[in-house]
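# Summary of structural features
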2 protein chains.
Amino acid sequence: MPLAWGSGMSTPQDVLGTNAAFYAVFADGDVTMMERLWASASEVSCLHPGWPPVFGRDQVLDSWRLILEQPPPIVAGDPRVMQFGDTAVVVCQERVGGMMLAATNIFVREDGVWKLVHRQATRLPELVPPRWAMH
Amino acid sequence: MPLAWGSGMSTPQDVLGTNAAFYAVFADGDVTMMERLWASASEVSCLHPGWPPVFGRDQVLDSWRLILEQPPPIVAGDPRVMQFGDTAVVVCQERVGGMMLAATNIFVREDGVWKLVHRQATRLPELVPPRWAMH
């Protein structure tokens, strides 16, 4: 299966923009924007660090409302996009204070707009030296 | 975007079968079968627990050769499939001895066969009581 770069609105840049928006919204603690970032017509789930798996839009958004009561100072770096048609996977690293994590963020296109359908983040060993970007 | 259940060879059962095969191959330490399970025409990456991100088929398969030198007694349970056309995401739990993890396994169809393109596993808190199945 070849990659589908640049077909209409499905360019890698679009996905990276949505991924960056996710981290801005996360750090800002913006519940309304977080609700918009998650898919509404597709199944969603989330594996927050240290949480059991969360399934379903209502449950995932409930988990975000809880987390965003005290939003962490999160920044992301080194994003890499793998695009498979209308699905895209962004693998990136995250820094929350002195803690580093690796994340998988999965997006699907709904009405031409990339929306989150799943996310997992894992704490990384201390020795990894990523190149950090402000979103 | 609606889910694409049951279109040709892309039924949820097929993906679950491939996901189960992955864990059998993992526990058996079968490098040749592991190479077949990973996509060859699509980009691949892997976030092994405690590792920095691994990108590219050669690097991912190198990481598996290292890991499968001492295959862990891994079993998986509670698989949940989210299918988006020719891409499928399986969220499941894993047990390795007394350690429990949550995993995201991402598959794409290549020539009608589901192949792994990405995987991330995260250690879970001790208190999660999953229902375990032998693959």
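Up top you'll find the structure we're talking about.
Residues numbered from 1 in each chain as written. Chains lettered and ligands numbered in written order. Predicted model: local features only at pLDDT ≥ 70, side-chain atom pairs only at ≥ 80, totals over all residues. Heavy atoms only, no water.

Our focus in this paragraph is the overall build of chain A. Assigned secondary structure in chain A consists of three helices and six strands. In chain A, the order of α-helices and β-strands from amino to carboxyl end is α-α-β-β-α-β-β-β-β. Within chain A, buried positions represent 50% of all 135 residues. Contacts in chain A between residues far apart in sequence, at least 24 positions, make up 52% of those at least 6 positions apart. Summed over all atoms, the accessible surface of chain A reaches about 5,800 Å², with 55% contributed by carbon and sulfur. (Helix = DSSP H or I, 4+ residues; strand = E, 2+ residues; numbered from the N terminus. Buried < 20%, exposed > 50% of the residue type's maximum accessible area, 1.4 Å probe, protein only. Contact = heavy atoms within 4.5 Å. Areas by Shrake-Rupley, 256 points an atom, 1.4 Å probe, with all protein chains shown as cover.)

Attention now goes to unusual backbone geometry. A positive phi is found at Asp111 of chain A, a non-glycine position, where the angle reads about 50°. Mapping Asp111 of chain A onto the fold places it in the loop between strand S5 (99–110) and strand S6 (113–123). On the accessibility criterion, Asp111 of chain A (82% relative accessible area) is exposed. For Asp78 of chain B, which is not glycine, the phi torsion reads 55° and is therefore positive. With respect to the helices and strands, the residue Asp78 of chain B is situated in strand S3 (residues 74–84).

With that settled, consider the pattern of salt bridges. Oppositely charged side chains are able to pair whenever their charged atoms sit close together. Residue and element names in this part refer to chain A. All told, the structure shown has eight salt bridges over all chains when counted by the stated rule. As a salt-bridge pair, Arg109 and Asp86 come within 2.7 Å of each other at their nearest N and O atoms. Within this pair, whereas Arg109 is found in strand S5, its partner Asp86 is found in the loop between strand S3 (74–84) and strand S4 (87–96), the two being separated by 23 residues in sequence. On the basis of relative accessible area, Asp86 is assigned to the partly exposed category, the value being 33%. A salt bridge links Arg119 to Glu94; the nearest nitrogen and oxygen atoms lie 2.7 Å apart. Taken as a pair, Arg119 in strand S6 and Glu94 in strand S4 lie far apart in primary sequence, 25 residues in all. (Salt bridge = Lys/Arg side-chain N within 4 Å of Asp/Glu carboxyl O.)

This part covers the relation of the copies chain A and chain B. The operation relating the two chain copies consists of a rotation about an axis and a shift along that axis. Expressed as a screw transformation, the operator carrying chain A onto chain B has a rotation angle of 180° and an axial translation of 0.0 Å, and the superposed copies differ by an RMSD of 0.0 Å. In short, the pair behaves as if placed about a two-fold rotation axis. Within chain A, Thr122 of chain A has its C-alpha nearest the rotation axis, a separation of 2.8 Å. Comparing contact sets, 100% of the residues at the interface of chain A also lie at the interface in chain B, consistent with an isologous, same-surface contact. (Least-squares fit on C-alpha atoms with pLDDT ≥ 70 in both.)

In this section: the sheet that holds S3 of chain B. Strand pairing in a sheet relies on backbone hydrogen bonds, with the paired strands running either antiparallel or parallel. All names here are of chain B. Spatial strand order, S3-S4-S5-S6: four strands in an open sheet with antiparallel pairing. The open sheet has two edge strands, S3 and strand S6 (113–123), and neither has a second partner. Averaged over all adjacent pairs, the angle separating strand axes in this sheet is 20°, with direction ignored. Summarising the sheet, strand S5 (residues 99–110) and S6 pair through 10 bridges and their orientation is antiparallel. Of the residues in S6, the one forming a bridge with Arg109 is Trp114. (Pairing = 2+ DSSP bridges. Axes fitted to C-alpha atoms, helices over the stretch in contact; angles between N-to-C directions.)

A few words on the pairing of S3 of chain A. Residues and elements named next belong to chain A. In terms of burial, S3 is a largely internal element, eight of the 11 residues being buried. Two strands pair when backbone bridges link them, and S3 and S4 are joined in this way by nine bridges, in the antiparallel orientation. Residue pairing for S4: Gly77 is matched across the bridge by Gln93.

A word on the interface of chain A and chain B. In this complex, chain A contributes 38 residues to the contact, which on the side of chain B involves 38 residues. Between chain A and chain B, the buried area comes to about 3,000 Å², and carbon and sulfur atoms account for 66% of it. At the surface where chain A touches chain B, the tally comes to nine residue pairs in polar contact (both at pLDDT 80 or more). Sorting the residues of the side of chain A that touches chain B by element identifies S3, S4, S5 and S6 of chain A as the ones contributing at least two each. Its residues assigned to classes, the side of chain A that touches chain B comprises 24 nonpolar, nine polar and five charged. (Buried area = accessible area lost by both parts, 1.4 Å probe. Polar contact = N/O pair within 3.5 Å; in protein donor to acceptor, adjacent residues only side chain to side chain. Nonpolar A, V, L, I, M, F, W, Y, C, P; charged D, E, K, R; others polar.)

Further remarks concern the sheet that holds S5 of chain A. Residues and elements named next belong to chain A. The four strands lie next to each other as S3-S4-S5-S6, forming an open sheet whose pairing is antiparallel. The open sheet has two edge strands with one neighbour each: S3 and S6. Averaged over neighbouring strand pairs, the angle between their axes works out to 20° when direction is ignored. Of the pairings in the sheet, the one linking S4 to S5 comprises 10 bridges and is antiparallel in character. When the sheet's bridge partners are listed, Val96 is paired in S5 with Met99.

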